[in-house]
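Listed below, chain by chain, are the residues.
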Amino acid sequence: MKWQIKYYSPKLEEEILSLPDGLLARYLRLTDLMFEFGSNLGMPHTKPLDGGLFELRVKSKEGIARVFFCTKIGKKIIMLHSFVKKSQKTPKKELRLAKTRMSEVIKDDTF
């Protein structure tokens, strides 16, 4: 059984699909790999954070984007939040939002 990728909301999916062309192409390539091999692509593509939260590290000539995700039983990868990086460190508010969404997803059996 192959992995599935789901999105926290249709709005998030739209945000990701409206990334600049280079970032979107890289995102799509990495998600193709995730469909086949799962969520743990390893550095520099994916990085485990804490408590089951991971980040997909997307980089192109247009800049750097991060997509936070978690996994659920049944080979499901749930994309939680995305943003384009403008500084070296990941802003705490972006991380907080991803963690909040992850806790909602874990409690919700519809994902």
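Please refer to the structure placed before this passage.
Presented here is an overview of the structure given in this document. Predicted model only: the values in this text are computed from it and were never measured.

Looking at the secondary structure, you find Phe-35 in helix 2 (residues 21–37). Note: C-alpha distance between Phe-35 and Lys-2 (33 residues apart in sequence) is 6.0 Å.

Taking 1.5 Å per residue, 16 residues should reach 22 Å; helix 3 (residues 92–107) reaches 23 Å between its end C-alpha atoms and fits that length. Of the residues making up helix 3, those classed as buried are Glu-94, Ala-98, Arg-101, Met-102 and Val-105. Looking down the long axis of helix 3, one finds its buried residues gathered within 110° of arc, a one-sided arrangement. The outward face of helix 3, more than 90 degrees from its buried face, is lined by the exposed residues Lys-92, Lys-93, Arg-96 and Lys-107.

In this structure, Tyr-27, Leu-56 and Met-79 are the most contacted members of the largest nonpolar core, which totals 19 residues. Every element with two or more residues in this core is listed here: strand 1 (4–7), helix 1 (10–17), helix 2, strand 3 (54–60), strand 4 (63–72) and strand 5 (76–84). Broken down by element, this core gets its largest block of residues, six residues, from helix 2. Counting 10 residues, the second-largest nonpolar core is a separate cluster that includes Ile-78, Ala-98, Met-102 and Val-105.

Definitions and cut-offs
- Residues numbered from 1 in each chain as written.
- Predicted model: local features only at pLDDT ≥ 70, side-chain atom pairs only at ≥ 80, totals over all residues.
- Heavy atoms only, no water.
- Helix = DSSP H or I, 4+ residues; strand = E, 2+ residues; numbered from the N terminus.
- Expected span 1.5 Å × (residues − 1).
- Buried < 20%, exposed > 50% of the residue type's maximum accessible area, 1.4 Å probe, protein only.
- Arc of directions from axis to C-beta.
- Core = buried A, V, L, I, M, F, W, Y, C linked by side-chain atoms within 4.5 Å.

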